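Below, each chain spelled out in residue letters.
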Amino acid sequence: MSHFSLGNVYLKKGMNEKALDEYARAAELAECVPSAHLNRGIIYFGMLDFEKAGYEFQMELKKCGESTKAHNNLSVLYRLTGDAENALKEARLAVFESPQHLEAHVNEILALRMMGANETAYLVADSLTIFFPSYLPGHYFKGKMAIEKKNIELAENEFVFIVEKGSSNILEKYDLSTIYSSQTQYGYKEERMPGLAYYELGLIEVSRGRIDSALILFENSTRILPDYPDGWANLALAYDHKGLYPEALAAFKRSLDINPNNPVVLYNLGLTMGKAGYLERAAEVFRMALEIKPDFPEASEKLKITQSLLKSSSEQ
């Protein structure tokens, strides 16, 4: 236990190699040291070494018996590697072991959606909102799937509930579904939920043609989630619609700083640059979009138009 505790100290300080060594020494001295292999797996996961991470999670189960966190983390890992069937299996084992481990329910929802079992996923999300009404991800996924079911009123109610409820800032240590969720689309930290809800409410307002209110909602989303590129991209579009081109260009830049290889965002940036009179820069951005996505007829068309305008301007 001394080696295990020292490993935890190193892990919290970000000294991963030393943490790995201490957990390994702990595991050598006893048949079962709870969470020693689990924590080694989390370190390897952070290194994107999925093979070693999976091995350590399996060793946690082999050496110490059933572990909700090991099953839950295996579910995340299988989903990242495209194995939805095993992701679902592991999530359900985690739920069976501990129904109160709410992140396992989220992993079950995400695995079901990967498999196209959206109706079952909706039922899981709905049950989460009933049995754990203060757990925000349940409301988020219910709202997302309500939109897919064309029930906009229900979706809006779920997202409004989230922004009014706020966040309880729950973070469970040594659990991949929370530790790593802010860095991937496959997990959801509870404190991120209001930002995502504002974003979805903004999209609903756009669909209703209410750009002014959508703009405010997207601003709220980016304030809470400054690392969410879609929030900045849609805020930029709202600014563009209002003719606020400098603000739109700044928001597009924030989106592309986070995800520079999104051809649609580059295309929309090119359109705004064209409206703002920056034709040469617009042409450059359209070319960048086409380099990423050669089969992009809208970008190709706008590039030709922009080049024609530039040529006409130079001839005058």
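Everything numeric here is computed off the predicted structure, so don't read it as measured data. (Residues numbered from 1 in each chain as written. Predicted model: local features only at pLDDT ≥ 70, side-chain atom pairs only at ≥ 80, totals over all residues. Heavy atoms only, no water.)

> What should I look at first to understand the overall build of the chain in this one?
Each helix and strand in the chain was counted, giving 18 helices and zero strands. In terms of its C-alpha atoms, the chain occupies a principal-axis envelope of roughly 85 × 45 × 30 Å. Burial status across the chain gives 48% buried among its 316 residues. Considering only contacts in the chain between residues 6 or more positions apart, those separated by 24 or more positions represent 51%. Averaging the positions of the 34 positive and the 43 negative side-chain charges in the chain gives two centres separated by 2 Å. (Helix = DSSP H or I, 4+ residues; strand = E, 2+ residues; numbered from the N terminus. Buried < 20%, exposed > 50% of the residue type's maximum accessible area, 1.4 Å probe, protein only. Contact = heavy atoms within 4.5 Å. Lys, Arg positive; Asp, Glu negative; His and termini not counted. Charge placed at Lys NZ, Arg CZ, Asp CG, Glu CD.)

> What exactly am I supposed to notice about the packing of aromatic side chains here?
The geometry of two aromatic rings is summed up by the distance between their centres and the angle between their planes. In this structure the tally under the stated criterion is eight aromatic pairs. The interplanar angle of 75° and the centroid separation of 5.3 Å between the aromatic rings of Tyr140 and Phe141 together place this pair among those described as edge-to-face. Exposure class is identical for Tyr140 and Phe141. Each is buried. When the ring of Tyr267 is compared with that of Phe296, the centres are 5.2 Å apart and the planes differ by 40°; the resulting orientation is tilted. Separated by 29 residues along the polypeptide, Tyr267 in helix α16 (residues 263-275) and Phe296 in the loop between α17 (279-292) and α18 (297-315) bring together distant segments of the chain. For the residue pair Tyr267 and Phe296, the accessibility class agrees, reading buried in each case. Grouping aromatic residues by their ring pairs yields a cluster made of Tyr140, Phe141 and Phe159. Between the NZ or CZ atom of Lys149 and the centre of the ring of Tyr122, over which it lies, the distance is 4.7 Å. (Phe/Tyr/Trp six-rings, centres within 6.5 Å; stacked < 30°, edge-to-face > 60°. Lys NZ or Arg CZ within 6 Å of the ring centre and 35° of its normal.)

> How should helix α14 (residues 229-241) be read in this particular structure?
Three- or four-residue spacings in an α-helix give side chains the same orientation, since the helix completes a turn every 3.6 residues. Between its first and last C-alpha, α14 extends 19 Å over 13 residues, near the 18 Å set by a 1.5 Å rise per residue. Most of α14 is tucked away, with 10 of its 13 residues classed as buried. Taken as a whole, α14 has its buried residues at Pro229, Gly231, Trp232, Ala233, Asn234, Leu235, Ala236, Ala238, Tyr239 and Asp240. Looking at the packing, one finds that the buried side of α14 touches α12 (193-207), α13 (211-224), α15 (245-258) and α16. Directly after α14, the chain includes Gly243, whose backbone phi takes a positive value near 80°. (Expected span 1.5 Å × (residues − 1).)

> Which parts of the structure should I look at to understand the side chain of His71?
By the element assignment, His71 lies in helix α5 (residues 68-80). Take His71: its relative accessible area is 4%, and that puts it in the buried class. Of the polar contacts made by the side chain of His71, one reaches the side chain of Glu66; its length is 2.6 Å. Apart from the residues lying within four places of it in its own chain, the contact partners of His71 are Leu61, Glu66, Glu90, Leu93 and Ala94. (Polar contact = N/O pair within 3.5 Å; in protein donor to acceptor, adjacent residues only side chain to side chain.)

> What's the story with the pattern of salt bridges in this structure? I'm lost.
When the charged atoms of two side chains with opposite charge come close together, those side chains can pair. Here the structure, examined in full by the defined rule, presents 15 salt bridges. Across the pair Glu148 and Arg113 runs a salt bridge, and its minimum N-O distance is 2.7 Å. Of this pair, Glu148 sits in helix α9 (residues 136-148) while Arg113 sits in helix α7 (residues 102-114), placing them 35 residues apart in sequence. With relative accessibility at 42%, the residue Glu148 sits in the partly exposed group. Overall, the relative accessible area of 24% leaves Arg113 in the partly exposed class. With its nearest N and O atoms 2.7 Å apart, the salt bridge here joins Asp240 to Lys275. Of this pair, Asp240 sits in helix α14 while Lys275 sits in helix α16, and the two are 35 residues apart along the sequence. Salt bridges sharing common partners tie together Glu156, Glu205, Arg208 and Arg210. (Salt bridge = Lys/Arg side-chain N within 4 Å of Asp/Glu carboxyl O.)

> I'm lost on the packing of helix α1 (residues 2-12) against helix α3 (residues 36-46) in this one. Help?
Packed helices, taken two at a time, are described by the angle between their axes plus the distance between the axes. In contact at an axis separation of 11 Å, α1 and α3 are set at 20° when each is read in the N-to-C sense. When the axes of α1 and α3 are compared, the pair comes out roughly parallel. As α1 packs across α3, the resulting crossing turns out to be left-handed. Of the residues in α3, those in contact with Phe4, Asn8 and Leu11 of α1 are Ala36, Asn39 and Ile43. Of the residues that constitute the contact of α1 with α3, the class distribution is four nonpolar, two polar and no charged. (Axes fitted to C-alpha atoms, helices over the stretch in contact; angles between N-to-C directions. Parallel < 35°, antiparallel > 145°, perpendicular 65-115°, else oblique. Left-handed = near helix turned anticlockwise from the far one by under 90°. Nonpolar A, V, L, I, M, F, W, Y, C, P; charged D, E, K, R; others polar.)

Shape is all these values report; function is a separate question.
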